[in-house]
Amino acid sequence: MKLNEIFKRQSLFVPIIAIVLGLVLGALVMLAGGYDPILAYQSMLTKIFGSTFDIGEAIRTIVPLVMCGLAVAISFRAGMFNIGVDGQIIMGSLGALIVGTQFNLPPFLHGLVAILVGALFGGLWGALVGYLKATKGISEVVTSIMLNFIALYFSQFMINLFMLQKGTQRSEMIHDSASIQISWLSNLAGGARIHWGFFIVILAVIFYQVYLNKTKWGYELRTVGLNPHAAKYAGMSVSRVLVRTMFISGVFGGLVGAFDVLGVFKYVAISSTTSGLGFDGIAVALLGGNTAIGVLLSGILIGALTYGSQGMSFGAGVPGEIIRMVIGFIIFFVAAPGIVKLLFRPFQKKTKKKV
C-alpha cells in the first residue's frame, strides 16, 4: 500500500506510527542513560503477560484509565475541558465508602447501591462545574481544578469525623457485603483484584458510543461542542447540554472512585494529594481521539505501559519515569500529526516518482 493512501487514513495510522516513534525514542533515551532497551521492553512484556495474576492486575490498571478517558472525552466533545476528574473520583470514593461502611444491606444489593451512590456523587460534582459554566460563565478549567482540592479536603474531613479507623491514617474497612470483588475470578487469576468494574467499563464504552452517535442528546452535545451559537440558534438549550454532559462526565469519574473502594482497596487512605488518574485520562482521551473505541484502545495501551513499567524497573533497572516519557512521546506525536507526516514526506515523494 502506498504511503499516500496510508496517510489518507490518518485516524488509524497516525496513532500507530506515533506509538512506534514513542517506543523508539524511549529506547534511545534508555541507551543514552546506559540501559538495555531490548531487555527493558522484554521485562515490560513479561510483567504484563508473565502470569494470570499479572494479566489480571494489568486489566485492573486499565479499567480506571478507560473510565477517566471517557470522562474527559465526553466533555471535550461538548467543547469543555474537564480537568476535575480527580475530584469526581474522590467524591465517588466518598459516596461508595459511606454506603459501604455505614449501611447494612444484602451482599449483591449493598455493592450495587454503593456503586450507584458513588456514581451519583461524582456526577453531581461534575454537574456543579457545568452549572457554573452555563449560568455564570465561569471557566470550567478554573472551577474543576479548584473543586479537586475541595473534594480532597472535604473527603478527609468526613472520614476523620465519621469513618476513621482508630490509630491509622485511613478509613474503616467496608463491610464484606459491599465488596464488588469477584472471588472466583480472583482465585483463577492468582489473587488479582478482579471486580465488577471489569464488565461495567465495557458497558460504559458502549453507552458512550450509543449516546454520542445514536441519541438526540448526543446530537445536541456534538452540536454544542462544534458551535454553541449555532446550537442556540437552532433552539437547543446550551445550558442544559453543558450541565448534563458534565454530570455524565462526573459519573464516569465517580465510578472510578467507587471501583477502587469497593473492589480494590476496601478503604480510603487519607492523602495530601489526589491520585492523578484524572490527568492521565486527558492523555487517554487525546490519544483515543475522543472516540469510544479509541479511548478503549488508548486506555489499554497506557494502562499496559504503566503496569509494565514495574517490570522494566526490576528486570532491567530502568526508572519508571522513562515509561512516562514514552507515553509523553506518543501523545506528542498524536497531538502533532503534521510532524509525523513531515518525517515520512521523503518516502511519499519517492512513491510518487515511481508511480
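Each chain has its residues counted from 1, following the order in which its sequence is written. Side-chain atom pairs in this predicted model are given and counted only at pLDDT of 80 or more, local residue features only at pLDDT of at least 70, and totals for whole chains, interfaces and linings cover all residues. The side-chain values count all of the structure's non-hydrogen atoms but skip hydrogen atoms and water molecules.

Attention now goes to the overall build of the protein chain. Strands are runs of DSSP state E lasting at least 2 residues, helices are runs of H or I lasting at least 4, and numbering of each runs from the N terminus. Within the protein chain, the secondary structure is distributed over 17 helices and zero strands. Taken against the 2.2 N^0.38 rule, which gives 20 Å for 355 residues, the C-alpha radius of gyration of the protein chain at 22 Å falls within 12% of a compact globule. Expressed along its principal axes, the backbone C-alpha trace of the protein chain runs to roughly 75 × 60 × 35 Å. Think of it in three bands: residues with accessible area under 20% of the maximum for their type are buried, residues over 50% are exposed, and the middle band is partly exposed, with areas taken using a 1.4 Å probe on protein chains only. The burial tally for the protein chain puts 50% of its 355 residues in the buried class. Any two residues whose heavy atoms approach within 4.5 Å at even a single point are treated as in contact. Considering only intrachain contacts with a sequence separation of at least 6, the fraction spanning at least 24 residues in the protein chain is 75%. Surface accessibility of the protein chain: about 17,000 Å² in total, with carbon and sulfur atoms responsible for 68%. Here the globule rule reads 2.2 Å times residues to the power 0.38, and the radius of gyration is calculated from C-alpha atoms. Using a 1.4 Å probe, the Shrake-Rupley method yields the accessible areas, and only the shown protein chains count as cover for residues.

Our next topic: the packing of helix α3 (residues 37–49) against helix α14 (residues 292–316). In this analysis an axis means a line fitted to C-alpha atoms, helices contributing only their contacting stretch, and an angle means the value between N-to-C directions, from 0 to 180 degrees. It is at 7 Å that the axes of α3 and α14 come closest, and there the two elements cross at 120°. The orientation of α3 with respect to α14, classified from their angle, is oblique. In the crossing of α3 with α14, the sense of the turn from one axis to the other is right-handed. Across from Leu39, Ala40, Ser43, Met44, Lys47 and Ile48 in α3, the residues of α14 making contact are Ala304, Leu305, Tyr307, Gly308, Ser309, Gln310, Gly311, Met312, Gly315 and Ala316. Residue type decides the class: Asp, Glu, Lys and Arg count as charged, Ala, Val, Leu, Ile, Met, Phe, Trp, Tyr, Cys and Pro as nonpolar, and the leftover types, Gly among them, as polar. Taken together, the residues that form the contact of α3 with α14 break down as nine nonpolar, six polar and one charged. Oblique is the label for any angle not covered by the other classes, which are roughly parallel (under 35 degrees), roughly antiparallel (over 145) and roughly perpendicular (65 to 115). Here a crossing is called left-handed whenever its near helix is offset anticlockwise from the far helix by less than a right angle, and right-handed whenever the offset is clockwise.

Bringing the environment of Asp54 into the picture now. Along the chain, Asp54 falls in helix α4 (residues 52–77). Judged by its relative accessible area of 11%, Asp54 is buried. Those residues in contact with Asp54 that sit more than four places away from it in its chain are Thr46, Lys47, Ile48 and Tyr307.

Here we take up the packing of aromatic side chains. Think of it this way: a Phe, Tyr or Trp ring, Trp meaning its six-membered ring, pairs with another when their centres are within 6.5 Å, and the plane angle makes it stacked under 30 degrees, edge-to-face over 60, tilted otherwise. Following the criterion strictly, the structure yields five aromatic pairs and no others. Residues Phe76 and Phe81 carry aromatic rings whose centres are separated by 5.3 Å and whose planes lie at 20° to one another, so their mutual orientation is stacked. The exposure class assigned to Phe81 is partly exposed, which follows from its relative accessible area of 29%. Centre to centre, the rings of Phe207 and Phe252 are 6.3 Å apart; their planes meet at 70°, and the pair counts as edge-to-face. One end of the pair, Phe207, is in helix α9 (residues 197–214); the other, Phe252, is in helix α12 (residues 238–265), and 45 residues separate them in sequence.

Our focus in this paragraph is the side chain of Ser171. Secondary-structure assignment places Ser171 in the loop between α7 (140–163) and α8 (183–188). For Ser171, a relative accessible area of 0% corresponds to the buried category. Contact partners of Ser171, with chain neighbours within four places excluded, come to Leu97, Ile159, Met163, Leu164, Gln165, Tyr267 and Val268.

This part takes up the pattern of salt bridges. Opposite charge on two side chains permits pairing when their charged atoms draw close. Take a side-chain nitrogen of Lys or Arg and a carboxyl oxygen of Asp or Glu: if they are within 4 Å of each other, that pair is a salt bridge. Here the structure, examined in full by the defined rule, presents six salt bridges. Between Lys47 and Asp54 there is a salt bridge, with its nearest N and O atoms 3.6 Å apart. Among the residues examined, Lys47 registers a relative accessible area of 22% and is labelled partly exposed. Taking the shortest distance from any N to any O, the salt bridge between Arg193 and Glu57 comes out at 2.9 Å. In this pair, Arg193 is assigned in the loop between α8 and α9 and Glu57 in helix α4, connecting sequence segments 136 residues apart. On the basis of relative accessible area, Glu57 is assigned to the buried category, the value being 3%. When salt bridges with common partners are traced through the structure, they connect Glu57, Arg60 and Arg193 into a single cluster.

What follows is about the nonpolar core. Of all hydrophobic cores here, the largest spans 98 residues; its most connected members are Val66, Met67, Leu70, Tyr208, Phe252 and Leu262. Here this core takes 13 residues from α12, the largest share from any one element. What Leu70 contacts, discounting residues up to four positions off in sequence, is Ala204, Val205, Tyr208, Phe252 and Val295. Definition of nonpolar core: a set of buried residues of the types Ala, Val, Leu, Ile, Met, Phe, Trp, Tyr and Cys, connected through side-chain atoms within 4.5 Å.

Below, the discussion takes up the confidence of the model for the protein chain. You can read pLDDT as the predictor saying how much it trusts each residue, on a scale of 0 to 100. Across the protein chain, pLDDT averages 89, with 92% of residues at or above 70. In the predicted structure, residues 1–8 sits below a pLDDT of 50 and forms 16 contacts with residues beyond four places in sequence or in another chain.

Bringing α4 into the picture now. Expected span of a helix, by definition, is 1.5 Å for each gap between consecutive residues, and there is one gap fewer than residues. Its 26 residues place the ends of α4 37 Å apart at the C-alpha level, agreeing with the 38 Å of an ideal helix rising 1.5 Å per residue. The element α4 is largely enclosed, with a buried count of 20 among its 26 residues. Immediately downstream of α4, the backbone of Gly79 shows phi near 85°, a positive value.

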